[in-house]
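Understanding the architecture of this molecule
So you can see what is in the structure, the chains are spelled out below.
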Amino acid sequence: MAERPMTNNRFALPFAAWELRLYLDTHPDDERALAAYKKLCATIGGCSYPCVTPQGMMAAGTDTSSSCPCGGRWNWIDDPWPWDPAANHVVLHNPSDVGNAGTILRSALGFGFKNVAIIRPGVDPFDPRVIRASMGAAFHLNIVRYNTFDDYLAAAGAREFYLFRLRNAEKLTDQGQKAQTPFSLVFGNEASGLPKELEDFGNGVIIAHSHEIDSLNLAVAAGIGLHAFSSKNLEP
């Protein structure tokens, strides 16, 4: 019986390390988590991963190869994201409200947009509150965070850009039906909208509404825009 705790640790520690590894996939700059992961790796003897034995039993293994990221910053996810060059994108430029972000992710999936870029310092798309608001849609999307809009442009490839803004813009009804794939729909921050340097970039889009209100909620505007740009491809 004295050896039982050691046996349990052989399985518990790799699984704990694997959970931290999954966390670091979306939080690569969390130094405390990275330090804890390195400590576990050192204790185990390599990077951890879950596996299934030939007998069908769940087990835990370790990776001692040179690909192990424990020696430095968790940086493998900094490689270029494998965007589908033919896919349409939704770009959220510094969204600040977790509820809005989750709702937009849900609408994006509903209207056939499966590639979403979030420009920092926007909300964390994997925040539990965002996931909850998305009603699980986030798990069916390719979501990537970029430090700047220029970083996104470098990865997006050749395409048309439609930016929802108040100046230098045409009505949504005119733009939505003539857009040719691939294109990107870009939405700004809830309070400040898009930055000034994007006022003349791409094709401006404006959603007409009565003068009784100043503007539409971001999630509402995004839902209207996503539907307008996808309605010709939707089936009832």
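Before reading further, recall that the structure is shown in the block above.
As the structure is a prediction and not an experimental result, all values here were calculated from the model.

Thresholds applied
- Residues numbered from 1 in each chain as written.
- Predicted model: local features only at pLDDT ≥ 70, side-chain atom pairs only at ≥ 80, totals over all residues.
- Heavy atoms only, no water.
- Helix = DSSP H or I, 4+ residues; strand = E, 2+ residues; numbered from the N terminus.
- Contact = heavy atoms within 4.5 Å.
- Pairing = 2+ DSSP bridges.
- Axes fitted to C-alpha atoms, helices over the stretch in contact; angles between N-to-C directions.
- Phe/Tyr/Trp six-rings, centres within 6.5 Å; stacked < 30°, edge-to-face > 60°.
- Buried < 20%, exposed > 50% of the residue type's maximum accessible area, 1.4 Å probe, protein only.
- Parallel < 35°, antiparallel > 145°, perpendicular 65-115°, else oblique.
- Left-handed = near helix turned anticlockwise from the far one by under 90°.
- Salt bridge = Lys/Arg side-chain N within 4 Å of Asp/Glu carboxyl O.

**Notes on the side chain of Ser134**
Looking at the element boundaries, Ser134 is found in the loop between α4 (128-133) and β5 (142-146). When near neighbours in sequence (up to four residues on either side) are disregarded, Ser134 contacts Gly102, Leu105 and Arg106.

**Re the sheet that holds strand β6 (residues 160-164)**
The pairing of strands in a sheet comes from backbone hydrogen bonds and takes either a parallel or an antiparallel form. Judged by pairing direction, the sheet is parallel, and its 7 strands sit side by side in the order β5-β4-β3-β8-β6-β9-β7 without closing on themselves. Looking at strand neighbours, the two that pair on one side only are β5 and β7 (170-171), the edges of this open sheet. With respect to the sheet, helix α7 (residues 218-230) is in contact with β3 (89-93), β6, β8 (183-187) and β9 (203-206), its orientation differing from that of β8 by roughly 165°.

**With respect to the packing of aromatic side chains**
Here the structure, examined in full by the defined rule, presents 11 aromatic pairs. Here Phe164 and Phe187 contribute two aromatic rings whose centre-to-centre distance is 4.4 Å and whose plane-to-plane angle is 25°, an arrangement assigned as stacked. With a gap of 23 residues between them, Phe164 in strand β6 and Phe187 in strand β8 connect regions that are remote in the sequence. With respect to class, Phe164 is no different from Phe187; both count as buried. Taking 5.5 Å as the distance between ring centres and 50° as the angle between the ring planes, the aromatic pair formed by Phe183 and Phe229 counts as tilted. Residue Phe183 is found in strand β8, and its partner Phe229 is found in helix α7; the two are separated by 46 residues along the sequence. Each member of the pair, Phe183 as well as Phe229, is classed as buried. The structure contains a cluster of three or more aromatic residues connected by ring pairs, namely Phe113, Tyr162, Phe164, Phe183, Phe187 and Phe229.

**Observations regarding unusual backbone geometry**
Geometrically, the link from Arg120 to Pro121 is a cis peptide bond, its omega value of 5° lying close to zero. If you trace the backbone, Pro121 turns up in the loop between β4 (115-119) and α4. Each neighbour pair has its own omega, and for Thr181 with Pro182 the value is 5°, a cis peptide bond. Residue Met135 is not a glycine yet carries a positive backbone phi of 55°. Relative to the elements of secondary structure, Met135 occurs in the loop between α4 and β5. Phi angles above zero are rare outside glycine, and Asn168 is one such case at about 50°. Mapped onto the elements, Asn168 comes out in the loop between β6 and β7.

**Some remarks on the packing of helix α3 (residues 98-110) against α7**
The geometry of α3 relative to α7 is characterised by a closest axis approach of 9 Å and an angle of 10° between their N-to-C directions. One element, α3, and the other, α7, form an angle in the roughly parallel class. α3 and α7 meet at a crossing whose hand is right-handed. Across the interface between the two elements, Asn100, Thr103, Ile104, Ser107 and Ala108 of α3 pack against Leu218, Ala219, Ala222, Gly223 and Leu226 of α7.

**Describing the pattern of salt bridges**
In a structure, side chains of opposite charge can pair up when their charged atoms sit close to one another. One pass over the full model with this rule turns up 4 salt bridges. One salt bridge connects Arg129 with Asp127, and the closest N-O pair in it is separated by 3.0 Å. Residue Arg129 is classed as partly exposed on the basis of its relative accessible area of 47%. When its relative accessible area of 17% is taken as the criterion, Asp127 is described as buried. With a closest N to O distance of 4.0 Å, Glu199 and Lys196 form a salt bridge. Taking relative accessible area as the criterion, Lys196 reaches 63% and is therefore assigned exposed. When salt bridges with common partners are traced through the structure, they connect Arg167, Lys196 and Glu199 into a single cluster.

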